Amino acid sequence: MKKLFIALFMAAAAAVGAQAQEITVSYGAYTQMDAMNCHKGFSDVNTAWGGVNFGLYIPVVEGVKVGPSYSYSSAFTPASEYEIPGLGAYDLKSKVGYHTILLNVKADYYKNAIVKLYGHVGVGAVISHMMPKYLESYNKGYFAFQISPIGAEVEFMPNAAIFGELGFGAQGLIQVGAKYSF
């Protein structure tokens, strides 16, 4: 996992040298990790609270931007008592932390004075950090994606905008957030 974070940091550092970038922060509800069981080995995992997403985009041609993103989400198993011989009963509520890294492409397809419409696609990996209570933590990797054919952005001040997306994937079924361009 450390190697993935270093790779993401290096990609972001390389992007800083580009002329114009945009930084995004968003919340996405109902992620791929819930819908596609990215927690094999744990049973009865509760639905995650959604996901927090951070992205960096660099324009490559007019109306098309690419860049990396990082998302975090988590879920718990229901509490259950487990009898450990000689030690008594223990609460075995375990946690799963989902760390997602995607490479994204965003393409504008309509723009007027008020709103910009775009589509967004991303592919990458989700690392499920399995944290069983009283046992050693371990990781499992899964293919991650985001497909958001409908995205709308409204600029409320120079270089700052709010946005919303409808789609499916590791960043959420419905995603809302803000972006800043520089």
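Bear in mind that the values here come from a model prediction, so they are computed numbers and not experimental data.

Comments concerning the overall build of the protein
Thought 1: In terms of regular secondary structure, the protein is built from two helices and 10 strands.
Thought 2: When its helices and strands are written in sequence order, the protein yields α-β-α-β-β-β-β-β-β-β-β-β.
Thought 3: For the protein, the residues scored as buried account for 40% of the 182 residues in total.

Observations regarding the packing of aromatic side chains
Thought 1: Applying the stated criterion across every chain, the model contains four aromatic pairs.
Thought 2: Between Phe143 and Phe145 the ring centres are 6.2 Å apart and the planes differ by 20°, which places this aromatic pair in the stacked class.
Thought 3: For Phe145, a relative accessible area of 16% gives the class buried.
Thought 4: Among the aromatic side chains, those forming a connected cluster through ring pairs are Phe143, Phe145 and Phe168.
Thought 5: Note that Lys106 overlies the ring of Tyr57, its terminal NZ or CZ placed 4.3 Å from the centroid.
Thought 6: Across the ring face of Phe163, the terminal group of Lys106 is positioned such that the distance to the ring centre comes to 5.9 Å.

Some thoughts on the pairing of strand 7 (residues 115-131)
Thought 1: The sheet contact formed by strand 6 (residues 95-111) and strand 7 spans 16 bridges and is antiparallel. Its bridge partner lying in strand 7, Val105 is registered against Val121.
Thought 2: Here strand 6 folds back onto strand 7, and the loop between the two strands holds three residues.
Thought 3: The antiparallel hairpin formed by strand 7 and strand 8 (residues 138-157) contains six residues in its connecting segment, where Tyr134 sits at a positive phi of about 70°.

Some points on the sheet that holds strand 8
Thought 1: Spatially, 1-2-3-6-7-8-9-10 is the arrangement adopted by the eight strands of the closed barrel, whose pairing is antiparallel. This sheet shows a mean twist of 25° between the axes of neighbouring strands, independent of strand direction.
Thought 2: As judged from the seven bridges shared by strand 1 (residues 22-29) and strand 2 (residues 51-61), these two strands associate in the antiparallel manner. Note that in strand 2 the partner of Gly28 across the bridge is Gly51.

A few points about the pairing of strand 9 (residues 160-169)
Thought 1: The pairing of strand 8 with strand 9 spans nine bridges and is antiparallel. Looking across to strand 9, one finds that Ala152 is bridged to Gly164.
Thought 2: In this antiparallel pair of consecutive strands, strand 8 and strand 9, the connection spans two residues, and Asn159 shows a positive phi of 70°.
Thought 3: Where strand 9 meets strand 10 (residues 174-181), seven bridges bridge the pair, whose relative direction is antiparallel. Its bridge partner being in strand 10, Phe163 is matched across the sheet by Gly177.

Notes on the side chain of Thr31
Thought 1: Along the polypeptide, Thr31 turns up in the loop between strand 1 and helix 2 (32-35).
Thought 2: In contact with Thr31, not counting residues within four places along its chain, are Gly50, Gly51, Gly169, Ala170, Gln171 and Gly172.

Considerations on the environment of Ile58
Thought 1: Take Ile58: it is sitting in strand 2.
Thought 2: Judged by relative accessible area, which is 18%, Ile58 ranks as buried.
Thought 3: Each C-alpha atom, one on Ile58 and one on Ser181, is 9.8 Å from the other, the two residues being 123 residues apart in sequence.

Rules used in this analysis
- Residues numbered from 1 in each chain as written.
- Predicted model: local features only at pLDDT ≥ 70, side-chain atom pairs only at ≥ 80, totals over all residues.
- Heavy atoms only, no water.
- Helix = DSSP H or I, 4+ residues; strand = E, 2+ residues; numbered from the N terminus.
- Buried < 20%, exposed > 50% of the residue type's maximum accessible area, 1.4 Å probe, protein only.
- Phe/Tyr/Trp six-rings, centres within 6.5 Å; stacked < 30°, edge-to-face > 60°.
- Lys NZ or Arg CZ within 6 Å of the ring centre and 35° of its normal.
- Pairing = 2+ DSSP bridges.
- Axes fitted to C-alpha atoms, helices over the stretch in contact; angles between N-to-C directions.
- Contact = heavy atoms within 4.5 Å.

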